[in-house]
Structures are given as structure tokens and as C-alpha cells.
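Examining the three-dimensional arrangement
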Amino acid sequence: MVKAKSWVMTQHFDGFPKKSDFGLKVEELPEPKDGEVLLEAVFLSVDPYMRSFSKTHMKEGDVMIGGQVAKVIQSKNPAFPVGSHVVSNSGWRTHTLSDGTGLTPILPEWPKDVSLSLALGAIGMPGLTAVYGIEDVLGLKEGETLLVNAAAGAVGSVVGQIAKIKGCKVVGSAGSDAKVAYLKELGFDEVFNYKTVGSLEEALRKASPEGYDCFFENVGGPSSDVVLQQMKNFGRIAVCGSISTYNDSQPQTGPYPYFTMIIKELKMEGFLQSRWEHKHPETLKRLLAWVKEGKLQCREHVTKGFDNMPAAFMGMLQGENMGKAVVAV
């Protein structure tokens, strides 16, 4: 019998999450039955979507949703031998019994000197999100100018690097001088700290006086309307996230960008990476190849200890991380 810990949402978040919204539970798991495996979490992910999805995909008392890299420690399923590693949407749990449904084995060609935690980041869901947003939603072309906000986050930092691989000019917006310096190291052409610029409009115009062909939107809120004013005609916007609104107790209202979209004939599309699930194996191999070639740099913000899951989650929502926020068990 294995003692398994899990973090549950004791009550729906009212505004920004607080420590009392989470509860730690312990239970004993039975031995695996035929066709089942017992997983032990190695790395767990904390992501912005968990805050927004908690409203629609969870009820009070549910285990917090999320992905993890786990090791198979017992197996009665030949597809998942003991000692192998998988990516699993098991949520915030140390141990999980699974019948194998939804488990994704780590790529067999994964290099030994590359941390498995990247399967939750640049070579995982955030990386997939970046690729599909750039290629399938925006249709980014060589020589175009791309703006990405929350640019030092798990998705934004990959978006900018892939755009550079494709021969584009990349402008990034981030929330600290340290993040600005990091993005310049990654090869972004222009970066600014949105918290310290006197005028977002002026910062955007200075970074790209000719305007923007594409906008990879991670933040939402009033700043997006400022960006739309500086899109080129027929510009494209991929709406990936709206982190500035996730903790609002009351929904934000306005400004309404419809007239700008009409006059500039803009195209705006929201998306989830799961739409292209059929392409995941091929896309993960491309991302891994870019990492091995040194074209895709990966930084992680690692919190140690399963007991620190809520703190890591709240820290990520406050923008403490550069790159992907993960918890190492």
C-alpha cells in the first residue's frame, strides 16, 4: 500500500487564491490491478490556465488539475514498464493509479542530459501551444513583426524564440528588468518593461514604428486595446491567455475593439493546443530537436517539495517565474 498525497481546492477562489483555499489529503492506494500502473510524480506543473479552468472544470473538494511527469513504480500493463516515465494529467497528486488512458510516454530519443521537467514546458504543453499559435493560428511568415506579451513566461519565451527561428522581428513585453534582460539574451529584437514605461502606446511605437503583423496575446485586459491600435492592416491575433483577468472578482468591461478590428480588417482567434492533438508526436520531436540544436533555450523556475504546490501556484500567478514554473517532488 502506498500513501498518496493530494492537494484539493477546498473552496472556489474569490479573487486571488489564498492558502486557505487548498487542503492537503492523504490516502492509501491499493495494488494495481491487471492493466493498471502505479505512478509516482517526479515533476508537477503550475500554469495560469488552472486558475481560469477552476471556475468551469472543478467543484469544491476536487483535486487540483494539472500535468506531471511521473515514474512508473508498479506495472501490470506491458505498455508502461517499471522505471519508465510518462506525462500524465493526474493533477496535484504524489501517486496515481492509472489504466494507461491519457498517459504519454517520454520520447524514446530524450537525451539523458536534458531534464524530464521540460516535458511540462518547452517540450510539452507550453511548447505545443507556442508552435500551434504561431503556425496554425497566426500563419507567421519570414520577415514579419510579432509582438508577444507575458514574454518571459512558459509560453511567451518559446513563442519569441520560434519566431526568431522563422526569421521574424520579435518584440516582447515583460514585467521586470530582469525579465527584459533574459529576453534579450534569448535574441528578442526589442523588449520593454510594461510596468515602468511611461506610455504603453509609445513603447510599442518605439519598438516597431511600422506596426505589427502578428500579436500573440497572453494577458488580455485594457492593454490589448492599445496593441490593436498599432496592428497593421490585415494583422492577425492569436488569443492564448488572459492572465490579467483570471483573478478578477468582477468581470472587466471594455474597451471594445470592434471598430478598430473593422477598420484594420484584423483577424482574432482564440485557441487551445488540444485542437491539434493529432500532431503532438511530430511537434514534440521538432521542439526536442530545436533544444538539442541549441536553437531553443529553456529556463525554469523550480520550487522544491510537493507541500509547496499552492505557494508555487500563487507565485506563478504573481509573475515570480522566468520561463516555466515547476515543482520538483
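By the naming in an unreviewed UniProt entry, the protein is Prostaglandin reductase 1, taken from Astatotilapia calliptera. What the UniProt record of the protein gives under Sequence similarities (unreviewed entry) is the line "Belongs to the NADP-dependent oxidoreductase L4BD family." The UniProt entry for the protein carries the following text under Subcellular location (unreviewed entry): "Cytoplasm".

This part is about the UniProt feature "domain: Enoyl reductase (ER)" (unreviewed entry) in the protein. With numbering aligned to this structure, UniProt lists the feature "domain: Enoyl reductase (ER)" (unreviewed entry) at residues 15-327. From the first C-alpha to the last, residues 15-327 spans 23 Å; its make-up is 27% helix and 25% strand.

Looking now at the layout of surface pockets. The gaps of empty space that remain are located by a probe, the size of a water molecule, rolled over the atoms. Considering only enclosed or pocket space, the second largest pocket measures out at about 400 Å³ in volume. In terms of lining residues, the second largest pocket is bounded by 22 residues, among which G220, G221, S224, P255 and P257 are the most central. Elements with a minimum of two residues in the lining of the second largest pocket: strand 11 (212-217), helix 6 (222-228) and strand 12 (231-239). Considering each element in turn, the lining of the second largest pocket owes the most residues, four residues, to helix 6. Considered class by class, the residues forming the lining of the second largest pocket number eleven nonpolar, nine polar and two charged.

This part takes up the packing of aromatic side chains. Scanning all chains against the criterion turns up ten aromatic pairs. Here the aromatic rings of F22 and W92 are separated by 5.8 Å at their centres, their planes lie at 15°, and the arrangement is stacked. Taken together, the residues span a long stretch of sequence, with F22 in strand 2 (residues 22-29) and W92 in the loop between strand 5 (85-88) and strand 6 (95-98) at a distance of 70 residues. The exposure classification of F22 matches that of W92, with both residues buried. Members of the aromatic cluster, connected to one another through ring pairs, are F13, F22, W92 and F313.

The full count for this structure, using the stated rule, is 15 salt bridges. In this structure, D62 and K59 form a salt bridge, with 3.4 Å as the shortest nitrogen-oxygen distance. In this structure D62 comes out as partly exposed when scored by relative accessible area, which is 22%. With relative accessibility at 54%, the residue K59 sits in the exposed group. The partner of R236 in a salt bridge is E144, and the shortest N-O contact between them spans 2.8 Å. With R236 in strand 12 and E144 in the loop between helix 2 (125-138) and strand 8 (145-148), this residue pair connects regions lying 92 residues apart in the sequence. Under the relative-accessibility criterion, E144 is labelled buried at 11%. Residues joined in a network through salt bridges with shared partners are E135, K166 and R286.

Reading across from one edge, 10-9-8-11-12-13 is the order of the six strands in this open sheet, with parallel pairing throughout. The open sheet is flanked by strand 10 (190-193) and strand 13 (267-270), the only strands paired with a single partner. When the angles between neighbouring strand axes are averaged without regard to direction, this sheet yields 15°. Here strand 8 pairs with strand 9 (residues 169-174) via four bridges, running parallel. Looking at strand 9, one finds that V148 is bridged to G172. Contacts between helix 3 (residues 156-165) and the sheet are confined to strand 8, strand 9 and strand 11, with strand 8 contributing the most and set at about 170° to the helix. The strands that helix 5 (residues 200-207) touches are strand 8, strand 9, strand 10 and strand 11; relative to strand 10, the one it contacts most, it runs at about 165°.

Here we take up the side chain of D213. Along the polypeptide, D213 turns up in strand 11. D213 sits in the buried class, given a relative accessible area of 13%. For D213, the side chain forms a polar contact with the main-chain nitrogen of T145, separated by 2.8 Å. For D213, the side chain forms a polar contact with the side chain of K232, separated by 3.3 Å. Residues within four places of D213 in sequence aside, it is in contact with E144, T145, M231, K232, G235 and R236.

A word on helix 9 (residues 309-317). Think of an α-helix as turning once every 3.6 residues; residues three or four places apart then point the same way. Most of helix 9 sits inside the fold, with eight of its nine residues counted as buried. All buried positions along helix 9 are accounted for by M309, P310, A312, F313, M314, G315, M316 and L317. Packing partners of the buried residues in helix 9 comprise strand 1 (2-9), strand 2, strand 3 (37-45), helix 1 (49-57), strand 14 (300-304) and strand 15 (324-328).

As a further point, take the environment of K3. Here K3 shows up in strand 1. Residue classification places K3 among the exposed residues on the basis of a relative accessible area of 59%. Sequence separation of K3 and M64 is 61 residues, and the distance between their C-alpha atoms is 18 Å. If sequence neighbours within four positions are ignored, K3 has contacts with V26, E27, E28, T94 and H95.

About the thresholds
Per chain, residues are indexed from 1 in the order of the written sequence. Given that this is a predicted model, residues contribute local features only at a pLDDT of at least 70 and side-chain atom pairs are listed and counted only at 80 or more, while totals for whole chains, interfaces and linings are drawn from all residues. Note: side-chain values were computed over all heavy atoms of the structure, leaving out hydrogens and water. UniProt positions are given in the numbering used here, feature names are shortened, and annotations may be inferred rather than shown by experiment. Helix and strand assignments follow DSSP, with helices taken as H or I runs no shorter than four residues and strands as E runs no shorter than two, numbered in order from the N terminus. Computed over the protein atoms alone on a 1 Å grid, cavities are sets of points where a 1.4 Å probe fits but cannot get out and pockets are open sets with protein on both sides within 12 Å along at least five of seven lines; a residue lines them when it has an atom within 4 Å of a point. Grid points are joined across faces, edges and corners, and a volume is the space filled by probe spheres set on the points. Gly counts as polar in this scheme, as do all residues outside two lists: the nonpolar Ala, Val, Leu, Ile, Met, Phe, Trp, Tyr, Cys and Pro, and the charged Asp, Glu, Lys and Arg. For Phe, Tyr and Trp, where Trp contributes only its six-membered ring, two rings pair if their centres lie within 6.5 Å, and the inter-plane angle classes them as stacked under 30 degrees, edge-to-face over 60, or tilted in between. To sort residues, take the accessible area from a 1.4 Å probe on protein chains only and compare it with the maximum for the residue type: under 20% means buried, over 50% means exposed, and anything in between is partly exposed. A pair is scored as a salt bridge if a Lys or Arg side-chain nitrogen falls within 4 Å of a carboxyl oxygen belonging to Asp or Glu. Two strands pair under a simple rule: DSSP has to find at least two bridges between them. Axis geometry follows a simple rule: fit a line to the C-alpha atoms, using only the stretch in contact for helices, then measure angles between N-to-C directions, giving values from 0 to 180 degrees. Pairs of residues are marked as contacts when any of their non-hydrogen atoms sit within 4.5 Å. Identification of polar contacts relies on pairs of N or O atoms within 3.5 Å, with a donor-acceptor requirement for protein atoms, meaning one able to donate a hydrogen and the other able to accept it, and with residues adjacent in sequence counted only if both atoms are side-chain atoms.

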